Amino acid sequence: MTEPAIQSERSVSQLRCIGCGRTALADRFRCEHCRDLLEIIFPGWEESGPGGLDSAALKQLWLDRRSSLDPADQSGVWRFREILPEISQQQVITIREGNTPLYSLPHCARSAGMQQLFAKHQGMNPTGSFKDTGMTVAASFARQAGYRWVACASTGNTSASMAAYAARGGLHSLVLIPDGKISWSKLSQSLDYGAITCQLKADFDGCVRVLNEVVERMPVYLLNSVNPYRVEGQKTAAFELLEQLGWELPDHIIVPGGNLANSSAIGKALREMKQLGLISRLPKVSVIQAEGANPLVRTIRETGGEKLVPVHADTMATAIRIGNPASWKKALHVIRETEGTVEQVSEVEIAMAKAEIGAEGIGCEPASAVTLAGLKKLVKQGFVRAGEMVVLVLTGHALKDADFTLKFHRGDLFAGSPHEAESAVVKPLQRLPLVLEPSADAVVELLRSAEN
């Protein structure tokens, strides 16, 4: 007997190619006809909406679930299950993902020339990054489909998340990472969660090529961001964000750009919210990349978005060190549909923005800080106005790359690099440990001088 789905009385989802529009089997990642990526659609919504509920009923249902003790309701992803693909409740793997905070950043707002600024901190997920919201759905589908092995290529956050959800769901996991190109803090997570972890002498894109061959030859389910179920889980962050804002729309949502599935997911969520009558318009979604890993920026500026311009990625923001992003077409569609933009920022600008966010008592990994660095440029360009409401999406926790932070405050982050000369601008933000004599007088004298 088929187990009851976690959703009830609503239309079954379908996989559709973003290129030719053909439907595909549930466990596919690319269209078998044109090889483009797939996305999940919900044909039944056009007639009656999810579960036959209107926008007001959906809002109230999701709000009511916040006080429920049911594991699915305590997940910030499965609480929104009416807008997710059907997964049997018995197969759902959850570690209470989602439910991440929305912070006000008054000091960063002043630094960027804004009157107010908010940050949706997806780094507050269980494994420390936004990947968890997508992984709960994709890993659950893998278990429901009968897979025993799941796998990913990763710059760190995906591997940590996949390994955790595989462990919770009784699945075996395989991780391929570029040798010497990820944070050890992230690598330690996948090791601790029991994944078979392999460092390949290649960059991230090389790891992807190897993994694609592996999944063709073995019954292994791919959990990289090309997986459309990942996107479905990640889109719930936007639903949660709007709920936290009392369904008041921000003017801009600014997202880091790596493999570009996150911006794709947020754009898909906004599109669906408008379709369901939850919002009346689309906020502008803009993507910020590091100058050394800027394929989307170059694609738009050099080809008008007609053809991807891959790059050899090189940035200390390891989470977005990706030169050949799989979801570039989806992200491009979101930027155009919402009238957003793209921008790139330097390594020094990233480091400065990260320190400014940290000085708010929040903290994030370097890749998240590109959002604040990019916002500063967008304000100067006039694309973002001082009085508009802006939400930065912070994708990873500060402890994801503690070495970066320590090197920054020691003053040797850019030592011997091409950025050393221009890095003098970050010195006012550095906080070195102070060596004192072991006496209260020395400490008191320090405090008095600090006040002055």
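Just so we're clear, the structure is a prediction, and the values are computed from it rather than from any experiment.

### Details of the overall build of the chain
The helix and strand tally for the chain stands at 17 helices and 13 strands. On C-alpha atoms alone, the chain measures out to a radius of gyration of 22 Å, which is about the 22 Å that the 2.2 N^0.38 rule sets for 452 residues. Expressed as lengths along the three principal axes of its C-alpha atoms, the size of the chain is roughly 75 × 50 × 50 Å. Buried positions account for 57% of the 452 residues belonging to the chain. Taking as baseline every contact in the chain between residues at least 6 positions apart, the subset at least 24 positions apart corresponds to 71%. For the chain, the exposed surface amounts to about 19200 Å²; the carbon and sulfur share of it is 50%. Charge-centre separation for the chain: the mean point of 48 positive side chains lies 3 Å from the mean point of 50 negative side chains.

### Overview of the pairing of strand E11 (residues 284-290)
Where burial is concerned, most of E11 is hidden: 6 out of the 7 residues are buried. As defined by bridge partners, E11 adjoins strand E12 (residues 342-345) across 4 bridges and the pair is classed as parallel. Following the sheet pairing, Gln289 is matched in E12 by Gln344.

### Quick word on helix H6 (residues 157-169)
Taking 1.5 Å of rise per residue, 13 residues should cover 18 Å, and H6 covers 18 Å from first to last C-alpha, within 8% of that figure. Of all 13 residues in H6, 11 are buried, a share of seventy percent or more. Residues of H6 that are buried: Asn157, Thr158, Ser159, Ala160, Ser161, Met162, Ala163, Ala164, Tyr165, Ala166 and Gly169. Looking at the buried positions of H6, the neighbouring elements they touch are helix H5 (131-144), strand E6 (149-153), strand E7 (172-178), helix H7 (184-192) and helix H9 (228-234). Gly170 lies just past H6 and shows a positive phi near 70 degrees.

### Observations regarding the nonpolar core
Ranked by internal contacts, the top residues of the largest apolar core, which has 77 residues, are Leu270 and Met273. The greatest single-element share of this core, amounting to 6 residues, is contributed by H5. The residues touching Leu270, leaving out its near neighbours within four places in the chain, are Leu242, Ile253, Ile279, Leu282, Pro283 and Val285. Leu105, Ala119, Ile357 and Leu392 belong to the second largest nonpolar core, which has 31 residues in total.

### Focus on a nonpolar patch on the surface
Taken together, the side chains of Leu434, Leu436, Val443 and Leu447 make up a nonpolar region of the molecular surface, amounting to roughly 370 Å² of accessible area. Along the chain, Val443 falls in helix H17 (residues 440-451). Under the relative-accessibility criterion, Val443 is labelled partly exposed at 37%.

### Examining the packing of aromatic side chains
Scanning the entire structure with this criterion turns up 8 aromatic pairs. Arranged with centres 5.7 Å apart and planes meeting at 45 degrees, the rings of Phe141 and Tyr221 form a pair that is tilted. Taken together, the positions of Phe141 in helix H5 and Tyr221 in strand E9 (residues 220-222) put the pair 80 residues apart, joining distant regions of the chain. For the pair Phe141 and Tyr221, a shared accessibility class is recorded, and that class is buried. A ring pair is formed by Tyr147 and Tyr221, whose centres lie 4.9 Å apart and whose planes are at 35 degrees; its orientation type is tilted.

### Some remarks on the sheet that holds strand E2 (residues 23-24)
Ordered by their spatial adjacency, 3 strands build an open sheet running E2-E1-E3, and the pairing between neighbours is antiparallel. With partners counted over all chains shown, the strands left at the sheet margins are E2 and strand E3 (38-41), one partner each. Taken together, the 4 bridges between strand E1 (residues 14-17) and E3 define a ladder with antiparallel strand orientation. Following the sheet pairing, Leu15 is matched in E3 by Ile40.

### Digging into the packing of helix H10 (residues 236-244) against helix H11 (residues 261-275)
Two numbers describe how H10 lies on H11: the axes approach to 7 Å, and their chain directions differ by 60 degrees. By the criterion of interaxial angle, the relationship of H10 to H11 is oblique. Crossing of H10 over H11 shows right-handed handedness. On H11, the residues touching Ala238, Phe239 and Leu242 of H10 are Ile266, Ala269, Leu270, Glu272 and Met273. Grouping the constituent residues of the contact of H10 with H11 by class yields 7 nonpolar, no polar and 1 charged.

Calculation criteria
Starting from 1, residues in each chain are numbered consecutively following that chain's sequence as written. Local features in a predicted model are, by the rule used here, given only for residues with pLDDT of at least 70; side-chain atom pairs are given and counted only at 80 or more, and totals for whole chains, interfaces and linings are based on all residues. Hydrogens and waters are ignored; side-chain quantities use all the structure's heavy atoms. The way it works is that DSSP assigns letters per residue, a run of H or I at least four long becomes a helix, a run of E at least two long becomes a strand, and they are numbered from the N terminus. The size measure is the radius of gyration over C-alpha atoms, and the globule rule it meets is 2.2 Å times the number of residues to the 0.38 power. Buried residues are those whose accessible area, probed at 1.4 Å on protein chains only, stays under 20% of the maximum for their type, while exposed residues exceed 50% and partly exposed ones sit between those limits. Contacts between residues were defined by any pair of non-hydrogen atoms, one from each residue, lying within 4.5 Å. Each accessible area value is a Shrake-Rupley result obtained with a 1.4 Å probe; residue values ignore everything except the protein chains displayed when judging cover. By the counting rule applied here, Lys and Arg register as positive and Asp and Glu as negative, while His and the ends of each chain are not counted. Note that the charge is assigned to NZ on lysines, CZ on arginines, CG on aspartates and CD on glutamates. Pairing between strands requires that DSSP locate at least two bridges from one strand to the other. Given a helix with a known number of residues, its expected span is that number minus one, times 1.5 Å. Buried Ala, Val, Leu, Ile, Met, Phe, Trp, Tyr and Cys residues form a nonpolar core when they are joined through side-chain atoms within 4.5 Å. Here a patch means residues that are over 30% exposed by relative accessible area and free of salt bridges, tied together within 9 Å if like-charged and within 5 Å if nonpolar (Val, Leu, Ile, Met, Phe, Trp, Tyr). Within this document, salt bridges are pairs made up of a side-chain nitrogen of Lys or Arg and a carboxyl oxygen of Asp or Glu, the two lying within 4 Å of each other. Here is the rule: rings of Phe, Tyr and Trp (six-membered ring for Trp) pair when centre to centre is within 6.5 Å. Planes less than 30 degrees apart are stacked, more than 60 are edge-to-face, and the remainder are tilted. To get an axis, fit a line to the C-alpha atoms, keeping to the stretch in contact for a helix; angles then go from 0 to 180 degrees between the N-to-C directions. The scheme is simple: roughly parallel for angles under 35 degrees, roughly antiparallel for over 145, roughly perpendicular for 65 to 115, oblique for anything else. Helix crossings fall into two classes, left-handed where the near helix is turned counterclockwise from the far one by less than a right angle and right-handed where it is turned clockwise. When residue character is reported, Ala, Val, Leu, Ile, Met, Phe, Trp, Tyr, Cys and Pro are called nonpolar, Asp, Glu, Lys and Arg charged, and the others, Gly included, polar.

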